[in-house]
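Understanding the architecture of this molecule
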Amino acid sequence: MKWFYSCPGCGKTYAIEPGRYLCDDCAGRAMPGQPLEGVLECLWAADADDADMRAAREGRLIPLPVEQRFFPPLPVGNTPLWAPGRLRKELDAPGLFLKDDTRNPSGSFKDRASWLVGAFALRHGIKEIALASTGNAASSMACVGAAAGIRVKVFVPASAPAAKRIQVLQYGGELVEVRGTYDKAFDESLAYTEATGVLSRNTAYNPLTIEGKKTAAFEIAKDLALSANARTRLGDFGGASFCYGRSAGAEPGFLAPDHVFVPVGDGVILSGLIKGFEDMLRLGLVRTMPVFWACQAEGSSAIARALDSGEFIALPSETLADSISVDVPRNGSFALRKLKKYGGKAVTVDDSRIAAAQRRLASGSGLFVEPSSACAFACYLKVKETLGRAERVVIMLTGSGLKDIKNAAAAVGAVL
Ligand SMILES: *Cc1c(COP(=O)(O)O)cnc(C)c1O
């Protein structure tokens, strides 16, 4: 397969190589307080008889722009898809599934992107990676860096939950605490990587962060097909057995869900998941596209507001869901384009609904997630009555509840 970057705005293409981030022609159009412009997309071209292409068509390989042998040695992705029996009964929702990405090595979905960026760094002999983060991308990159032997420097708001900062230090990363918001950390990290030439893993800015996140889409479709075929214990775990380059053994099948609920901050997970389903459509693995629901906190809802009004207006964000608290969604333009293309929707909920949904999910299914992920579940609960009873619904649960016990403790009346 031949890989290249393409600018969705102007169609210009670029080689996937160190130092390339945004489209030269379009990046300059970005205005202060607005999303990045010229965010690039990974695309591939292939002859039908290309071996990787054949494997991808047969569902044995997730097409990715870095060869498998460069991936750092740690078990990312391949996370279970739960069929939460009790919740399904309580909610009368037999097609409800939970994608449990809390099980990644650092406890969040971000590992999928960090893994690909780490592979890219190893492929090109790059020794240091830097990034800005609300917390999870930082702990994730530091984790992957530890497995790969790559130095990682992170710029994180000093207000980030303690667990995420401590993870960075335990993994041996360099932690720069920024007095200010994530948006300020983003600017500081860019100033650092531009001055030093160090590889940036800033979300959206580095196109591999979008591409790396698509692997979850393949796993979901694979596990849904398995659970749809299973006669007994329907979808208890769906037999998650698929990861990059690894065959599931039996002839794999793929099935798209009807709806996917995604917690949205910068809009990279959302874009990556849509990209994954686009790839599967192109490969002939699935026939339909799910409806994507961009789930946001009322106090940080730039993408939901832009879907409504067509414009991004930066407002200071305020929500307990720190991972999706962004003033300016860096990948907003890219995500909005993709969301609209497939008839996606947006939902918002306030913090009290997020806290209630977190507890309901944990006590009703055994899955304890951080507030960002609880937001996706809360948004599902809010619009559930508008969905068909038996439709296949996947809630993306992107981060572990243990990452922010301060808010979780308050919700159950515990004193830390
Ligand atoms: C980063 C993050 C999100 C939001 O992802 P975006 O790509 O910024 O929209 C959601 N949940 C968790 C746990 C995260 O760490």
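Residues numbered from 1 in each chain as written. Predicted model: local features only at pLDDT ≥ 70, side-chain atom pairs only at ≥ 80, totals over all residues. Heavy atoms only, no water.

The name given to the protein in an unreviewed UniProt entry is Threonine synthase, and the organism recorded there is bioreactor metagenome. We quote the UniProt Cofactor (unreviewed entry) comment for the protein here in full: "pyridoxal 5'-phosphate". (UniProt positions renumbered as here; feature names shortened; annotations may be inferred.)

Regarding the sheet that holds strand β3 (residues 41-45)
In a beta sheet, neighbouring strands pair by backbone hydrogen bonds and run either parallel or antiparallel. Read from one edge of the open sheet, three strands run β2-β1-β3, paired in antiparallel fashion. What marks the edges here is a single partner per strand, and that holds for β2 (13-14) and β3. Across five bridges, strand β1 (residues 2-6) lies against β3 in antiparallel orientation. Following the sheet pairing, Trp3 is matched in β3 by Trp44. (Pairing = 2+ DSSP bridges. Helix = DSSP H or I, 4+ residues; strand = E, 2+ residues; numbered from the N terminus.)

Describing the pairing of β1
The pairing of β1 with β2 spans two bridges and is antiparallel. Residue pairing in the sheet places Ser6 in a bridge with Thr13 of β2. In this antiparallel pair of consecutive strands, β1 and β2, the connection spans six residues, and Gly11 shows a positive phi of 85°.

Digging into the packing of aromatic side chains
What the rule picks out here adds up to eight aromatic pairs. Taken together, a centroid distance of 4.9 Å and an interplanar angle of 75° make the contact between Phe71 and Trp115 edge-to-face. Linking Phe71 in the loop between α1 (51-57) and β4 (81-82) with Trp115 in helix α3 (residues 111-123), this pair joins segments that are 44 residues apart in sequence. For Phe71, a relative accessible area of 10% puts it in the buried group. Linked through ring pairs, Phe261, Trp293, Phe377 and Tyr380 together constitute an aromatic cluster. Across the ring face of Phe97, the terminal group of Arg88 is positioned such that the distance to the ring centre comes to 4.7 Å. (Phe/Tyr/Trp six-rings, centres within 6.5 Å; stacked < 30°, edge-to-face > 60°. Buried < 20%, exposed > 50% of the residue type's maximum accessible area, 1.4 Å probe, protein only. Lys NZ or Arg CZ within 6 Å of the ring centre and 35° of its normal.)

Side note on empty space enclosed by the protein
Under the criterion given, the structure shown has five cavities of 30 Å³ or more. Taken as a whole, the largest cavity encloses approximately 270 Å³ of empty space. Secondary-structure elements contributing two or more residues to the lining of the largest cavity are α4 (136-148) and α9 (268-283). It is α9 that provides the largest number of residues to the lining of the largest cavity, a total of three residues. Taken together, the residues of the lining of the largest cavity break down into eleven nonpolar, twelve polar and four charged. Residue-level mapping places the lining of the largest cavity at the junction of two domains, with at least three residues from each of domain 2 (81-108 + 210-411) and domain 3 (111-206). (1 Å grid on protein atoms, 1.4 Å probe; cavity = no way out; pocket = protein on both sides within 12 Å on 5 of 7 lines; lining within 4 Å. Points joined across faces, edges and corners; volume = space filled by probe spheres on them. Nonpolar A, V, L, I, M, F, W, Y, C, P; charged D, E, K, R; others polar. Domains from an automatic or database assignment.)

Some remarks on the site of the ligand
Taken together, 15 residues sit near the ligand, with Lys110, Asn136, Gly265, Gly267 and Thr398 positioned nearest. Within the backbone of Gly265, an N or O atom sits 2.8 Å from an oxygen atom of the ligand. Between Thr398 and the ligand, the recorded distance is 2.6 Å, taken from a side-chain N or O atom to a nitrogen atom. Considering the ligand on its own, with 380 Å² of exposed area, one finds that the protein chains cover 98% of that surface. One can see that the ligand is located within the largest cavity. (Near = heavy atom within 4 Å. Polar contact = N/O pair within 3.5 Å; in protein donor to acceptor, adjacent residues only side chain to side chain. Areas by Shrake-Rupley, 256 points an atom, 1.4 Å probe, with all protein chains shown as cover. Sits in = over half its atoms within 2 Å of the grid points.)

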